[in-house]
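Fold and contact review
One-letter residues, chain by chain:
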Amino acid sequence: SLVIRGEKDEQAVLCSKDKTYDMKIADTSNMLLFIPGCKTPEELNADQASCDIIHSQIAGFSNNYWELRRCRPKLKKLRKLLMEDPYEGPDSRKDQTLTFSKYNTEDLLSLIQASEEEILHQLQVIDACKIEGYWRILDFDYEMKLLNHVTQLIDSESWSLSKVPLRTCLEELGSLEPREMIEHILLSYGRKYIDDGEVYFEMLEDKICRAIAQMLLQNAVKFNLSEFQEVWQQSVPEGMTARLDQLKGLALVDKSSRPETIFLLKVEDLPEDNQERFNSLFSIREKWTEVDITPYIQDLCAEKQTVGALLTKYARSSMQNGVKVYNSRRPIA
Amino acid sequence: SGGAGGLAQWVLVELQGEVEPRQSSGLAGSLLGDLHYTREGVPVLIVGHHILYGKVVQLEKPFAVLVKRGAGESGPAGPHTHYTVTALIKTKLLFKTRPKPIITNVPKKV
């Protein structure tokens, strides 16, 4: 079956189990009659013998119909809802008070304009976890605290970054944090595998370095690029290499300032609507190279649509110092 | 004949303009007309004293007929309204030529 989702102030979408479609009403000046069981010429040919009148009823008629177009699931709201009450850990005084900003799967299904599979997939992408039946996102500081416990343990035990044992982590850290949280952070920042009956994690270098960069960058409006890179490399676990390409969609480098600077710009904080997204990007920076803007518009691409197609539609290109740059089609306030 | 997974297959008849009831009693329950196919498979519709010729069109984008269920009922988890797919429409009979009046009584030239 199909479900139509949307609140009063939203445009309706129709969802199957795993896809989302924009709904539009199409009008026609013609009259459309629908007839159950009506036979087509091909179906009747086979029945040469009978010359009887078949009485058919017209089930109904209409001047309009719903047209569906596959669209991107509208998932920005999911993060917004879960950020209303991020989980700060069992010691947080916040959780002891009654808050009604908690959502279980049923709640999300009725509030988010996306199919069930798309919602569940996105929950996995944003590292949400179920605590007492409710979907929760971890407060970033708490998440870094958990990650830090793990990376410090890896360091003190001299484990290989690609073979971190779950059992030992739970034993050593279980007194500091809930076991479910330790396992959750390992699942979020590592790739789980089984070797000889034991569960291990291969730590994800890019994701860890990226999280540490975010932790550093969120403390100021912008940073001197070379200073930042130095501090960043010193902050990541031994054996990991911090690289700027790990920060796509998270931070932006300003190559035009002297000295060069870097600042936090998270794609998930930007508008979901195509035109609004481009307006927002062009108000942050007037001219963008394709390399710089791609991480910030990649998620807008519909099925089989390319970043190039989006740029052609929403931006105007020009050459600047021998490099192709894109700017807004219309003046930005 | 059954459709995909046993779903009923309906046919759409598309008419240009509007259908008006002969009496003012409305359309429901009234006879629209007679549908025939010529030997070449051309659909012919006789409505009142008009005859319309059409063609069979395989729909590029098939239609699904949805029936609303549970409207207005509210359970503990909220309204139960949902739509179930009742039938599929893959074929339409399109009548877009001008209806021709059927003249049965041609006065003789005097």
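Residues numbered from 1 in each chain as written. Chains lettered and ligands numbered in written order. Predicted model: local features only at pLDDT ≥ 70, side-chain atom pairs only at ≥ 80, totals over all residues. Heavy atoms only, no water.

- The name given to chain B in an unreviewed UniProt entry is CTF8 protein, with the source organism recorded as Smutsornis africanus.
- UniProt lists a comment for chain B under the heading Sequence similarities (unreviewed entry), and it reads "Belongs to the CTF8 family."
- Comment text from UniProt for chain B, heading Subcellular location (unreviewed entry), reads "Nucleus". (UniProt positions renumbered as here; feature names shortened; annotations may be inferred.)

- The name that an unreviewed UniProt entry assigns to chain A is Sister chromatid cohesion protein DCC1, with the source organism given as Smutsornis africanus.
- According to UniProt, the comment filed for chain A under the heading Sequence similarities (unreviewed entry) is "Belongs to the DCC1 family."

1. A few points about the sheet that holds strand 2 (residues 34–37) of chain B
All names here are of chain B.
- The four strands are arranged 2-3-4-9 in an open sheet whose pairing can be described as antiparallel. Looking at strand neighbours, the two that pair on one side only are strand 2 and strand 9 (100–101), the edges of this open sheet.
- In terms of strand pairing, strand 4 (residues 50–53) meets strand 9 through two bridges, oriented antiparallel. Bridge pairing in strand 9 links Ile51 to Lys100. (Pairing = 2+ DSSP bridges. Helix = DSSP H or I, 4+ residues; strand = E, 2+ residues; numbered from the N terminus.)

2. Here we look at the pairing of strand 11 (residues 251–254) of chain A
Residue and element names in this part refer to chain A.
- With four bridges joining them, strand 11 and strand 12 (residues 261–264) adopt antiparallel strand pairing. Paired with Leu252 across the bridge in strand 12 is Phe263.
- From the end of strand 11 to the start of strand 12, which pair antiparallel, there are six residues.

3. Focus on the pattern of salt bridges
Residues and elements named next belong to chain A.
- Considering all chains together, one arrives at 17 salt bridges over all chains under this definition.
- For Lys77, the salt bridge identified is with Glu7, shortest N-O distance 2.6 Å. Here the residue Lys77 occupies a position in helix 2 (residues 76–82), and Glu7 occupies one in the loop between strand 1 (3–5) and strand 2 (13–15), the gap between them amounting to 70 residues.
- Given a relative accessible area of 37%, Glu7 falls into the partly exposed group.
- One salt bridge connects Arg243 with Asp206, and the closest N-O pair in it is separated by 3.4 Å. Here Arg243 is found in the loop between helix 9 (225–235) and strand 11, whereas its partner Asp206 is found in helix 8 (residues 205–217), with 37 residues between them in sequence.
- Through salt bridges with shared partners, a single ionic network connects Glu7, Glu10 and Lys77. (Salt bridge = Lys/Arg side-chain N within 4 Å of Asp/Glu carboxyl O. Buried < 20%, exposed > 50% of the residue type's maximum accessible area, 1.4 Å probe, protein only.)

4. Section: the sheet that holds strand 8 (residues 190–195) of chain A
Residues and elements named next belong to chain A.
- With antiparallel pairing, the three strands of this open sheet are ordered in space as 7-9-8. The two strands at the open ends of the sheet, each matched to only one other strand, are strand 7 (164–165) and strand 8.
- When strand 8 meets strand 9 (residues 198–203), the two strands line up antiparallel, connected through six bridges. Among the inter-strand pairings, Asp195 is bridged to a residue of strand 9, identified as Glu198.

5. Examining the layout of surface pockets
Residue and element names in this part refer to chain A.
- Taken as a whole, the second largest pocket spans an internal volume of roughly 1300 Å³.
- Arg79, Gln122, Val125, Ile126 and Glu268 are, among the 37 residues lining the second largest pocket, the residues nearest its centre.
- Elements supplying a minimum of two residues to the lining of the second largest pocket: helix 2, helix 4 (116–125), helix 5 (140–157) and helix 8.
- Looking at the lining of the second largest pocket residue by residue, the class counts come to 16 nonpolar, six polar and 15 charged.
- The residue makeup of the lining of the second largest pocket includes at least three contributed by each of domain 1 (140–203) and domain 2 (236–328). (1 Å grid on protein atoms, 1.4 Å probe; cavity = no way out; pocket = protein on both sides within 12 Å on 5 of 7 lines; lining within 4 Å. Points joined across faces, edges and corners; volume = space filled by probe spheres on them. Nonpolar A, V, L, I, M, F, W, Y, C, P; charged D, E, K, R; others polar. Domains from an automatic or database assignment.)

6. Section: the packing of aromatic side chains
- One pass over the full model with this rule turns up nine aromatic pairs over all chains.
- Between the NZ or CZ atom of Arg285 of chain A and the centre of the ring of Trp288 of chain A, over which it lies, the distance is 5.2 Å. (Phe/Tyr/Trp six-rings, centres within 6.5 Å; stacked < 30°, edge-to-face > 60°. Lys NZ or Arg CZ within 6 Å of the ring centre and 35° of its normal.)

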